[in-house]
Protein chains: 2
Amino acid sequence: MRILERPAPTVLDPSSVTRTEVVRPAMCGHNSLFAGQIGDWTWDAVSELCGVDVLRARTAAGDPTYLSFYYYRIRGGRAFHLRTPSFGDTLRITTRLYDFGSESVLALHRIDRGDDSLRVENLNRWISRGGGTSNETLVRASPVGFTHRHLPTLPADRSPRVACGTARTALTFLPDTRYVDASPPRRLRYPVDPSRDLNGVGLLYFASYFSIVDRALLDLYRGLGRGDTAFLDRVVVDQQLCYLGNADADCVIAIDVRHRTDRADPGREVVDVVLRDSRTDRLLAVCTLHLLTTPSDGRHP
Amino acid sequence: MRILERPAPTVLDPSSVTRTEVVRPAMCGHNSLFAGQIGDWTWDAVSELCGVDVLRARTAAGDPTYLSFYYYRIRGGRAFHLRTPSFGDTLRITTRLYDFGSESVLALHRIDRGDDSLRVENLNRWISRGGGTSNETLVRASPVGFTHRHLPTLPADRSPRVACGTARTALTFLPDTRYVDASPPRRLRYPVDPSRDLNGVGLLYFASYFSIVDRALLDLYRGLGRGDTAFLDRVVVDQQLCYLGNADADCVIAIDVRHRTDRADPGREVVDVVLRDSRTDRLLAVCTLHLLTTPSDGRHP
């Protein structure tokens, strides 16, 4: 077989596609590249199945509109999580889309690597700058040609809208009593980095939020005296991220970090990371991570 | 035409391939994603033409060996440079390989976008950790199966080895008298960021060097009072980067920045950025950038 075969995504039915990918350096590592790559697969699936080229989508008024990330969840296990894909791994990705109306779409990816799989959920919303130049005032804006009624509807109890609504008010995806504080809350400041945080249309790139969250997690690890090797070896088996705002290149983000452990299993930790515009207190994102810090069977939850 | 056609690279002759790519979010922006993407194309071309799957290459002893970046040059113009590719742009990439012996290979990419083209030169060397775990002691190590004698030889006067040798000693790719100092030299420190700088095999990712250089350039812009918008709008028409060492996650990089202008054309600026391991003074990289800071015809040199 040729080394470089690149089969195009194959349509399985009107709401799902599958593709095979070989992991290359630009899509893996101790960074957010793999999260960004999965995001491209979401856009590709919508381009393939919903009648609109997402890369060039326009509103009826002719303005560019972007299928922005509103909710991103990635679940794996000890053997296969966000940072384990490495050079040469062959992945089989199956993507199913669900109808969320004319302004949103839900994508569920199942990413198989033979030994294990990742499950990824993306809820995206069409947004436009509405004629302005700031990233702080984005508006909903569906593109011309976007078809969605042929897609199945997700049962209401599986909709991430409820989870995001809770996260917005409770500042965690886990508003229960199962977890107890493991260390004092931390706050740090992160100035948006104009040299690496913005995407090709000048928005704060959704994958950069993963890097910013990881920076906060690194700060926590260092504060706990765990060392950078422990950080690099971390096993995040579940990460939920709700995007509530975008930001301009001069924004300084205030990051609040809350660290808890599972009452029943202290080897399971959860970390909540909340991003705000430090100037206006505007909420930018809420993220909850589940970490395995002691050996266990590895699947969560 | 289907939106998602992904034609595989086509072999033009035993030393060259061509491919068409549509720019997606994960391969463009105010970051180093496009430089990383071009690097993947280098690896793909070698995999296609030189008898070895670069992603899974091994030495005769069975150790992984990596086709590491030693020299990376990218040249464009005002309309099309490293940061201009955006969502939906269609690129035609033609890559030619040249024989540099059993331990190296040179790739020349021509990237056409209709309006203009980028020319990229990559000299890569096979390196291995040699059984250790540190990134500071990498050794040359050619993989089993690597064929190169069928590739043409570049005329000696076009070899980047001379340029890199000069850069290593002169700490610039421009050791002439055409440029004059435009502002005092600057020094800053950059701790390698374990949350975003390492690739899928734990090495300091070659594309991260571009980000680190850009961070130094941002520092220069701010020091000159130019503002972040001017930085985001910068036009880098020629960038040469020689990689002289790798580094571990706990490395603090000392960065020296030198800023000069062209005597004959003050609208042409050059910036030299030198990266060293601050602990040992070991040289990690030398980079020279050419910027257009006033409108001109746009091509350089």
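Reading the values: rules and limits
- Residues numbered from 1 in each chain as written.
- Chains lettered and ligands numbered in written order.
- Predicted model: local features only at pLDDT ≥ 70, side-chain atom pairs only at ≥ 80, totals over all residues.
- Heavy atoms only, no water.
- Helix = DSSP H or I, 4+ residues; strand = E, 2+ residues; numbered from the N terminus.
- Rg over C-alpha atoms; globule rule 2.2 N^0.38 Å.
- Buried < 20%, exposed > 50% of the residue type's maximum accessible area, 1.4 Å probe, protein only.
- Contact = heavy atoms within 4.5 Å.
- Areas by Shrake-Rupley, 256 points an atom, 1.4 Å probe, with all protein chains shown as cover.
- Least-squares fit on C-alpha atoms with pLDDT ≥ 70 in both.
- Axes fitted to C-alpha atoms, helices over the stretch in contact; angles between N-to-C directions.
- Parallel < 35°, antiparallel > 145°, perpendicular 65-115°, else oblique.
- Left-handed = near helix turned anticlockwise from the far one by under 90°.
- Nonpolar A, V, L, I, M, F, W, Y, C, P; charged D, E, K, R; others polar.
- Phe/Tyr/Trp six-rings, centres within 6.5 Å; stacked < 30°, edge-to-face > 60°.
- Lys NZ or Arg CZ within 6 Å of the ring centre and 35° of its normal.
- Arc of directions from axis to C-beta.
- Buried area = accessible area lost by both parts, 1.4 Å probe.
- Salt bridge = Lys/Arg side-chain N within 4 Å of Asp/Glu carboxyl O.
- Polar contact = N/O pair within 3.5 Å; in protein donor to acceptor, adjacent residues only side chain to side chain.
- UniProt positions renumbered as here; feature names shortened; annotations may be inferred.
- Disulfide = S-S within 2.5 Å.
- Expected span 1.5 Å × (residues − 1).

Caption draft 1: Highlighting the overall build of chain A. Helix and strand counts for chain A come out as four helices and 12 strands. Against the 2.2 N^0.38 benchmark of 19 Å for 301 residues, chain A shows a C-alpha radius of gyration of 19 Å, consistent with a compact globule. Its C-alpha atoms give chain A principal-axis dimensions of about 50 × 50 × 40 Å. By residue count, 62% of the 301 residues in chain A fall in the buried class. Within chain A, contacts between residues at least 6 apart in sequence are counted, and of these 70% link residues at least 24 apart. Counting only carbon and sulfur atoms, one obtains 50% of the accessible surface of chain A, whose full area is about 11,200 Å².

Caption draft 2: Spotlight on the relation of the copies chain B and chain A. Screw-axis analysis of chain B against chain A gives a translation of 0.0 Å along the axis, an RMSD of 0.0 Å, and a rotation angle of 180°. The operation mapping one copy onto its partner corresponds to a two-fold rotation axis.

Caption draft 3: Broad picture of the packing of helix α1 (residues 33-49) of chain A against helix α3 (residues 206-223) of chain A. All names here are of chain A. Look at α1 against α3: their axes get within 8 Å of each other, and the N-to-C directions meet at 155°. Overall, the two elements α1 and α3 adopt an arrangement that is roughly antiparallel. Crossing of α1 over α3 shows right-handed handedness. Mapping the contact onto sequence places Ala35, Gly36 and Gly39 in α1 and Phe206, Ala207 and Phe210 in α3. Within the contact of α1 with α3, the residues separate by chemical class into four nonpolar, two polar and no charged.

Caption draft 4: Just the packing of aromatic side chains, in detail. Counted according to the given criterion, the structure contains 24 aromatic pairs over all chains. With a centroid separation of 5.8 Å and 80° between ring planes, the pair formed by Tyr221 of chain A and Phe231 of chain A is classed as edge-to-face. Taken together, the residues span a long stretch of sequence, with Tyr221 of chain A in helix α3 and Phe231 of chain A in helix α4 (residues 227-232) at a distance of 10 residues. Across the pair, exposure class does not vary: Tyr221 of chain A and Phe231 of chain A are buried alike. Taken together through their ring pairs, the aromatic side chains of Phe69, Tyr72, Tyr205, Phe206 and Phe210 of chain A make up a single cluster. Directly above the ring of Tyr221 of chain B sits Arg226 of chain B, whose terminal nitrogen or CZ lies 5.0 Å from the centroid.

Caption draft 5: Layout of helix α2 (residues 160-170) of chain B. Residues and elements named next belong to chain B. Restricting attention to buried positions, one finds in α2 the residues Pro160, Cys164 and Ala167. Looking straight down α2, one finds that the buried residues subtend no more than 60° of arc, so they occupy a single side. Facing away from the buried surface of α2 by more than 90 degrees, the exposed residues are Val162 and Thr169. Summarising the contacts, the buried residues of α2 are in contact with β3 (66-75), β5 (104-112), β6 (117-128), β9 (236-243) and β12 (283-292).

Caption draft 6: View of the interface of chain B and chain A. Listed per partner, the contact involves 56 residues of chain B and 56 residues of chain A. With both chains or domains summed, chain B and chain A bury close to 5,100 Å², and 54% of this area falls on carbon and sulfur atoms. Summed over the shared surface of chain B and chain A, the number is six salt bridges. The partner of Arg24 of chain A in a salt bridge is Asp44 of chain B, with the nearest N and O atoms 2.7 Å apart. Summed over the shared surface of chain B and chain A, the number is 20 residue pairs in polar contact (both at pLDDT 80 or more). Secondary-structure elements contributing two or more residues to the side of chain B that touches chain A are β2 (16-22), α1 (33-49), α3 (206-223) and α4 (228-232) of chain B. No other element matches α1 of chain B, which puts eight residues into the side of chain B that touches chain A. Class assignment for the residues of the side of chain B that touches chain A results in 25 nonpolar, 14 polar and 17 charged.

Caption draft 7: The arrangement of the UniProt feature "domain: LnmK N-terminal" (unreviewed entry) in chain A in detail. As annotated in UniProt, the feature "domain: LnmK N-terminal" (unreviewed entry) corresponds to residues 18-115 of chain A in the numbering used here. As annotated, residues 18-115 of chain A has a helix share of 17% and a strand share of 35%, and its two end C-alpha atoms lie 18 Å apart.

Caption draft 8: Spatial organisation of the state of the cysteines. Evaluation of the coordinates by the stated rule reveals zero disulfides over all chains. The cysteine Cys251 of chain A is free of any disulfide, with Cys242 of chain A supplying the nearest cysteine sulfur at 17 Å. Given a relative accessible area of 4%, Cys251 of chain A falls into the buried group. In this structure Cys287 of chain B is a free cysteine whose sulfur lies 10 Å from that of Cys242 of chain B, the closest cysteine sulfur available. For Cys287 of chain B, a relative accessible area of 0% translates into the label buried.

Caption draft 9: Quick peek at the pattern of salt bridges. All names here are of chain A. With the rule as written, the count across this model stands at 49 salt bridges over all chains. A salt bridge links Arg186 to Asp219, with the nearest nitrogen and oxygen atoms 3.1 Å apart. Separated by 33 residues along the polypeptide, Arg186 in strand β8 (residues 179-191) and Asp219 in helix α3 bring together distant segments of the chain. Note that Asp214 is salt-bridged to Arg234, the shortest N-O span being 3.3 Å. Here Asp214, found in helix α3, pairs with Arg234, found in the loop between α4 and β9 (236-243); they are 20 residues apart in sequence, far enough to count as distant.

Caption draft 10: Inspection of α3 of chain A at higher detail. All names here are of chain A. Over its 18 residues, α3 runs 26 Å from end to end, which matches the ideal 26 Å to within 8%, given 1.5 Å per residue. Across the 18 residues that make up α3, a large majority, 14, are buried. Where α3 terminates, the next one or two residues include Gly225, which has phi positive at roughly 75°.

Caption draft 11: Broad picture of unusual backbone geometry. Positive phi values are uncommon outside glycine, yet Leu171 of chain A reaches one of about 60°. Phi angles above zero are rare outside glycine, and Asp281 of chain B is one such case at about 70°. By the element assignment, Asp281 of chain B lies in the loop between β11 (265-277) and β12.

Caption draft 12: Main features of the side chain of Asn135 of chain A. Residue and element names in this part refer to chain A. Looking at the secondary structure, you find Asn135 in the loop between β6 (117-128) and β7 (139-140). Exposure remark for Asn135: the relative accessible area of 3% places this residue in the buried category. A polar side-chain atom of Asn135 sits 3.0 Å from the main-chain carbonyl oxygen of Ala247. Excluding its chain neighbours within four sequence positions, the residues that come into contact with Asn135 are Arg129, Gly202, Leu203, Leu204, Asn246, Ala247 and Asp248.

Caption draft 13: Here's a closer look at the environment of Leu82 of chain B. All names here are of chain B. On the secondary structure map, Leu82 appears in the loop between β3 and β4 (90-99). The exposure class of Leu82 is buried, given its relative accessible area of 9%. Remark: the alpha-carbon pair of Leu82 and Cys28, spanning 54 residues in sequence, is separated by 8.6 Å. Those residues within four positions of Leu82 in sequence are excluded, and the remaining contacts are Phe34, Ala35, Ile74, Leu118, Phe210 and Gln239.

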